[in-house]
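Observations on the model geometry
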2 protein chains.
Amino acid sequence: MSEKVIKIAILGAGTIGGSVLKVLKDNHDIITQRAGTDIQIKNILVLPHEIPKLHEQGLPATSSYDDILNDPEIQIVVELIGGIKPAKDFILQAMNHGKNVVTANKDVVAQFGSELFETADKNKIDFLFEASVGGAIPIIMPLKRSLTPNKITEVLGIVNGTTNYMLTKMKEDGADYDTVLKEAQAKGYAEANPAADVEGKDAARKIAILASIAFNSRVKFEDVSMEGITKITPEDIRYAAQLGYTVKLLAVGKESDLGVDVRVHPVLLPNKHPLASVNGVFNAIFVRGNPIDEAMFYGPGAGYPTASAVISDIVEIARGIDLGNVGRFGCTCYEQKKICPLDETESSYFLRLLVNDDPGVLGQIATVFGKMNVSLKSVMQTNAEFGEGAEIVVITHEVKHKNILQAEVELKKLSCVNKIFSVIRVEE
Amino acid sequence: MSEKVIKIAILGAGTIGGSVLKVLKDNHDIITQRAGTDIQIKNILVLPHEIPKLHEQGLPATSSYDDILNDPEIQIVVELIGGIKPAKDFILQAMNHGKNVVTANKDVVAQFGSELFETADKNKIDFLFEASVGGAIPIIMPLKRSLTPNKITEVLGIVNGTTNYMLTKMKEDGADYDTVLKEAQAKGYAEANPAADVEGKDAARKIAILASIAFNSRVKFEDVSMEGITKITPEDIRYAAQLGYTVKLLAVGKESDLGVDVRVHPVLLPNKHPLASVNGVFNAIFVRGNPIDEAMFYGPGAGYPTASAVISDIVEIARGIDLGNVGRFGCTCYEQKKICPLDETESSYFLRLLVNDDPGVLGQIATVFGKMNVSLKSVMQTNAEFGEGAEIVVITHEVKHKNILQAEVELKKLSCVNKIFSVIRVEE
């Protein structure tokens with residue numbers, strides 16, 4: 001076995017922290033062999049009441065962060081607390097004490113990436129965050145290393161397990177939003193307050209990170225336009241299925257002449273798209289570029305498997321320490337690209353309207369779209385499910401977001417249009 | 001722009017070589033920025049008649065390998081000729097002249113891996129081969145770096161674009177093997193002599209490489225049991241579809257107490273399996289392990305996109321040269337695990353039989369299976385498509401290969417069994 005030893009500290013022994021501790025123990029031999037060095041846990045930062053439990057397992061523990069900061073033996077700090085406070089300060093303090101940092105914390109990376117990378121660079125240490133996006137899926141390293149030769153034009157992600165589970169259930173069971181949310185909460189796939197997931201904020205943080213790397217330009221959480229899944233209905237999902245589509249919450253990053261286009265919102269995905277078969281709590285990130293054409297990385301987006309991503313970062317740094325070359329490849333945001341305003345972003349749209357069941361209604365609606373420069377790809381009219389009237393379902397060709405907004409305003413003015421049920425982007 | 005320069009030589013300017021030259025030129029700025037160094041082509045080895053064409057493009061060229069071997073400026077040799085001779089000798093010579101090597105050559109890596117890695121280690125240079133498996137898909141680096149913390153139990157690959165294209169067409173069009181082969185040849189997806197692809201040899205070389213890395217134990221091409229797609233019929237595909245399966249040519253690597261189990265053969269994959277939606281010329285590698293649970297890497301298995309994988313290796317080495325630490329992480333085959341004999345490998349099986357349409361036939365067949373310790377999961381009987389008799393389709397539970405072979409022998413002895421059409425493994 002290796003004689004080399006690297007000592008680390010873990011901050012937090014919750015869901016991810018506990019998983020990492022277990023895997024470091026269970027897979028110790030295989031990790032040591034592959035890393036070429038023995039990775040040892042010198043200390044674990046927890047709340048005071050958690051210390052006895054760790055001691056019972058023969059693990060070191062402290063509730064004082066100074067014990068870790070001031071320990072010269074500790075070369076890697078693994079932040080697994082999550083959230084902004086106190087995690088951000090802990091990370092910066094570790095860096096300023098010359099310690100390398102591994103994190104799973106998408107919040108701090110998405111909102112404070114600049115400050116964190118500058119501090120890492122200044123202190124010549126490594127700052128790795130594989131587990132911050134896509135849970136266990138290898139995506140940060142592949143994007144930064146394996147895909148270096150590519151001009152990436154598009155990064156599309158199903159990066160939130162809660163909403164993907166819910167949409168999968170809505171499709172499979174025909175159930176409504178409230179029913180699947182309760183089920184997700186009962187299974188522990190959704191929080192008691194699910195807002196961060198169902199409103200798209202979690203996915204927005206992740207696409208900010210992915211887009212920054214893909215387009216070599218800092219994208220912050222605040223740059224991402226967000227829309228969650230709270231308005232998706234079983235009817236939308238059924239119509240989508242009839243037309244050959246699946247509804248997903250998609251995190252989108254694209255680059256064009258108009259700038260970097262970053263958004264999170266529901267989409268209709270063609271059933272043939274590789275992302276369309278990503279179901280349940282699984283995540284996947286799809287990349288389009290030149291010369292790669294298209295690639296996809298799929299796996300568990302959260303939970304116990306995330307330990308794989310965290311520990312792979314620890315091993316990378318351990319190897320770097322062994323080679324004497326940490327802190328050499330940090331932030332890759334060389335450019336300062338502008339963010340494409342939401343109004344200028346282009347997409348196809350699916351619209352579902354409740355209209356009077358009269359002759360000429362379709363013509364009036366088509367005329368409005370035409371005036372707003374919205375070209376129609378397909379139109380379907382059926383009887384309304386309940387009561388009187390008809391439903392019209394329209395799929396447009398690619399059009400600017402501002403044109404769709406204008407079209408919605410004009411459609412609502414028509415007396416024959418009773419309600420606009422849904423406006424959902426279509427990603428071909 | 002960077003002041004650092006690294007000079008490379010490319011061997012071969014064919015399909016892959018030409019793609020690499022184009023991408024190095026088209027994406028030069030982005031590659032230089034991300035690599036932190038300017039990668040320059042010092043020489044290109046081609047046949048004499050190809051030299052003028054490269055000179056016309058302003059590219060250097062030679063037909064004498066000594067020009068490259070004896071050039072101290074060249075630090076990376078990129079072997080893109082393919083096959084064994086002269087590629088293997090060229091690679092060894094480059095290493096023995098202290099040059100790092102990048103290859104896309106699955107043949108040499110699968111058959112001569114030991115010798116190549118020992119020579120690389122002896123000369124303290126890097127030997128990278130991302131493009132040798134899965135074309136453009138990042139898989140070697142993720143397996144070696146991102147998945148280090150995992151005990152991998154299973155690697156399953158759709159790693160041959162030719163056969164995946166053919167099986168996809170057979171399913172979509174209901175066409176037979178000969179028809180789709182001609183179509184594949186016309187489109188350039190299959191060779192004039194397609195044996196290496198359709199008989200499974202290409203996939204066998206790739207799984208030898210993947211299994212060696214996944215299980216940290218050298219697996220050679222000769223260790224892999226092979227069966228191609230030449231006997232797959234539209235009827236098999238149709239029955240499979242009825243039962244909820246898709247037929248794929250699967251490269252399988254599993255580890256159990258019986259050893260490392262490596263095979264290539266057609267399988268019935270459940271439609272819900274992530275690999276089942278990998279169609280056309282696309283490839284994918286699916287990994288199961290602890291704690292990762294399951295992950296999949298998907299992308300183009302061949303062609304122009306492969307330049308991404310080749311150049312990512314060149315960039316990795318360039319960074320290593322810059323850091324002064326090449327030749328530090330080579331072969332990861334620490335163990336010497338035995339290969340599980342084919343007879344002892346376990347799988348579920350799909351069998352399709354032509355039988356007499358008489359009472360009691362099903363009972364006789366079930367009895368034979370029972371005597372051979374083959375437990376049945378499902379049985380379906382239909383009228384034969386042509387002429388008299390009936391077809392019986394059986395899916396077994398997991399059973400050793402030797403038991404299925406014995407069952408086939410005993411079934412053929414039954415007078416009611418006229419023909420065993422197909423015996424295909426089922427991968428749940």
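Here the structure is a predicted model, which is why all the values come from computation and not from measurement. (Residues numbered from 1 in each chain as written. Chains lettered and ligands numbered in written order. Predicted model: local features only at pLDDT ≥ 70, side-chain atom pairs only at ≥ 80, totals over all residues. Heavy atoms only, no water.)

1. Thoughts on the overall build of chain A
In terms of helices and strands, chain A carries 15 helices and 16 strands. Its C-alpha atoms give chain A a radius of gyration of 24 Å, near enough to 22 Å, the size a compact globule of 428 residues would have. The dimensions of chain A, computed from C-alpha atoms along their principal axes, are 85 × 45 × 35 Å. Looking at chain A as a whole, 59% of its 428 residues qualify as buried. A separation threshold of at least 6 residues defines the contact pool for chain A, and within that pool the share at least 24 residues apart is 72%. Carbon and sulfur atoms make up 49% of the accessible area of chain A, which amounts to about 16600 Å² in all. Looking at chain A, you have 45 positive and 55 negative side-chain charges, and the mean spots of the two groups are 2 Å apart. (Helix = DSSP H or I, 4+ residues; strand = E, 2+ residues; numbered from the N terminus. Rg over C-alpha atoms; globule rule 2.2 N^0.38 Å. Buried < 20%, exposed > 50% of the residue type's maximum accessible area, 1.4 Å probe, protein only. Contact = heavy atoms within 4.5 Å. Areas by Shrake-Rupley, 256 points an atom, 1.4 Å probe, with all protein chains shown as cover. Lys, Arg positive; Asp, Glu negative; His and termini not counted. Charge placed at Lys NZ, Arg CZ, Asp CG, Glu CD.)

2. Quick look at the sheet that holds strand β4 (residues 100-103) of chain A
All names here are of chain A. Taking strand neighbours across the sheet as the criterion, the 5 strands line up as β2-β1-β3-β4-β5 in an open arrangement whose pairing is parallel. Lying at the two open borders of the sheet, with one neighbouring strand each, are β2 (38-45) and β5 (127-128). The sheet contact formed by β4 and β5 spans 2 bridges and is parallel. Bridge pairing links Val102 to Leu128 in β5. (Pairing = 2+ DSSP bridges.)

3. Observations regarding helix α13 (residues 306-323) of chain B
Between its first and last C-alpha, α13 of chain B extends 26 Å over 18 residues, near the 26 Å set by a 1.5 Å rise per residue. Count one or two residues on from α13 of chain B and you reach Gly324 of chain B, which has phi positive near 70°. (Expected span 1.5 Å × (residues − 1).)

4. Examining the pattern of salt bridges
All names here are of chain A. Scanning the entire structure with this criterion turns up 55 salt bridges over all chains. Put simply, Lys377 and Glu428 hold a salt bridge, and the shortest N to O gap is 3.0 Å. Taken together, the residues Lys377 in strand β13 (residues 376-383) and Glu428 in the segment after β16 (417-426) connect sequence positions 51 residues apart. One connected set of salt bridges, linked through shared partners, spans Lys106, Asp107, Asp202, Arg205 and Lys206. (Salt bridge = Lys/Arg side-chain N within 4 Å of Asp/Glu carboxyl O.)

5. Considering the sheet that holds strand β3 (residues 74-79) of chain B
By way of backbone hydrogen bonds, the strands of a sheet pair with one another, either parallel or antiparallel. Residue and element names in this part refer to chain B. Pairing is parallel in the open sheet, where 5 strands are placed in the order β2-β1-β3-β4-β5. Bordering the open sheet on either side are β2 (38-45) and β5 (127-128), each of which pairs with just one other strand. In the sheet, strand β1 (residues 5-11) pairs with β3 via 5 bridges, with the strands oriented parallel. Across the sheet, Ala9 pairs through a bridge with Val77, a residue of β3.

6. Here's the deal with unusual backbone geometry
Cis geometry marks the peptide bond from Lys85 of chain A to Pro86 of chain A; its omega dihedral reads 0°. Among the secondary structure elements, Pro86 of chain A is positioned in the loop between β3 (74-79) and α5 (87-96). With an omega of 10°, the peptide bond between Asn290 of chain B and Pro291 of chain B qualifies as cis. As for its placement among the helices and strands, Pro291 of chain B is situated in the loop between β10 (282-290) and β11 (293-300). Of note in this structure, Asp293 of chain A is not a glycine but carries a positive phi near 70°. Residue position: Asp293 of chain A is located in strand β11 (residues 293-300). The backbone phi angle of Lys124 of chain B is positive, close to 50°, even though this residue is not glycine. As for its placement among the helices and strands, Lys124 of chain B is situated in the loop between α6 (106-122) and β5. Since its relative accessible area comes to 53%, Lys124 of chain B is described here as exposed.

7. Some points on helix α1 (residues 15-26) of chain B
Between its terminal C-alpha atoms α1 of chain B stretches 16 Å, which fits the 16 Å expected from 12 residues at 1.5 Å a residue. Of all the residues in α1 of chain B, the buried ones are Gly17, Ser19, Val20, Leu21, Val23 and Leu24 of chain B.

8. Some words on the relation of the copies chain B and chain A
For these two chains of identical sequence, chain B goes onto chain A by a turn of 180° and a shift of 0.0 Å along the axis, with RMSD 0.0 Å. What the rotation and shift describe, once combined, is the action of a two-fold rotation axis. Closest approach to the rotation axis among the C-alpha atoms of chain B is made by Phe297 of chain B, whose C-alpha sits 2.5 Å away. An overlap of 100% is found between the interface residues of chain B and their copies at the interface of chain A, pointing to a shared contact surface. (Least-squares fit on C-alpha atoms with pLDDT ≥ 70 in both.)

9. Quick look at the pairing of strand β8 (residues 245-256) of chain B
All names here are of chain B. The buried fraction of β8 amounts to 10 of the 12 residues, a majority that puts the element mostly inside the structure. With 4 bridges connecting them, strand β6 (residues 151-158) and β8 associate as antiparallel partners. Counted as the bridge partner of Gly157 is Ala251 from β8. Here β8 runs beside strand β9 (residues 259-270); their pairing, made up of 12 bridges, is antiparallel. Looking at β9, one finds that Val247 is bridged to Leu268. What sits between β8 and β9 in their antiparallel hairpin is a turn of 2 residues.

10. Here we look at the interface of chain B and chain A
The partner chain A presents 53 residues to the 53 residues of chain B that form the contact. Of the roughly 5000 Å² buried at the junction of chain B and chain A (both faces included), carbon and sulfur atoms supply 55%. Looking at the side of chain B facing chain A, the largest losses of area belong to Arg34, Tyr298 and Phe329 of chain B, adding up to 14% of the total buried there. Salt-bridge contacts for Glu316 of chain B lead to Arg145 of chain A; the nearest nitrogen and oxygen are separated by 2.7 Å. (Buried area = accessible area lost by both parts, 1.4 Å probe.)

11. As for the side chain of Ser312 of chain B
Within the secondary structure, Ser312 of chain B is located in helix α13. Look past the residues within four positions of Ser312 of chain B in its chain and what remains in contact with it is Arg145, Ser146, Thr148 and Pro149 of chain A together with Glu130 of chain B.

12. Topic: the state of the cysteines
Tallying each qualifying case throughout the model produces 0 disulfides over all chains. With no disulfide of its own, Cys331 of chain B lies 3.9 Å from the sulfur of Cys333 of chain B, the closest cysteine sulfur. (Disulfide = S-S within 2.5 Å.)

13. A look at the confidence of the model for chain A
Mean pLDDT for chain A: 95, with 99% of residues reaching 70 or above. Under the prediction, the complex receives an ipTM of 0.94, its pTM being 0.95. (pLDDT = per-residue confidence, 0-100.)

14. Quick notes on the packing of helix α2 (residues 28-35) of chain A against helix α13 (residues 306-323) of chain A
Residue and element names in this part refer to chain A. Put simply, α2 and α13 touch, their axes get as near as 10 Å, and they point 35° apart. Note on packing geometry: the crossing formed by α2 with α13 is right-handed. For the pair α2 and α13, contact is made by Ile31, Arg34 and Ala35 and by Ile311, Val315 and Arg319, respectively. Its residues assigned to classes, the contact of α2 with α13 comprises 4 nonpolar, no polar and 2 charged. (Axes fitted to C-alpha atoms, helices over the stretch in contact; angles between N-to-C directions. Left-handed = near helix turned anticlockwise from the far one by under 90°. Nonpolar A, V, L, I, M, F, W, Y, C, P; charged D, E, K, R; others polar.)

15. Some words on the environment of Val267 of chain A
Relative to the elements of secondary structure, Val267 of chain A occurs in strand β9 (residues 259-270). Beyond its immediate sequence surroundings of up to four residues, Val267 of chain A is in contact with Thr246, Val247, Lys248, Leu250, Ile424, Arg425 and Glu427 of chain A.

16. Here's the deal with the environment of Pro300 of chain B
Relative to the helices and strands, Pro300 of chain B is located in strand β11. Classification of Pro300 of chain B by relative accessible area gives buried; the value is 6%. Among residues more than four places away in sequence, those in contact with Pro300 of chain B are Ile292, Asp293 and Glu294 of chain A together with Gly134, Gly135, Ala136, Ile137, Phe282 and Pro305 of chain B.

17. Notes on the packing of aromatic side chains
Residues and elements named next belong to chain A. Considering all chains together, one arrives at 13 aromatic pairs over all chains under this definition. Considering the side-chain rings of Phe282 and Tyr298, the 5.0 Å spacing of their centres and the 10° angle between planes classify their relative orientation as stacked. Of the two residues, Phe282 is situated in strand β10 (residues 282-290) and Tyr298 in strand β11; the sequence distance between them amounts to 16 residues. Taking relative accessible area as the criterion, Phe282 reaches 16% and is therefore assigned buried. (Phe/Tyr/Trp six-rings, centres within 6.5 Å; stacked < 30°, edge-to-face > 60°.)

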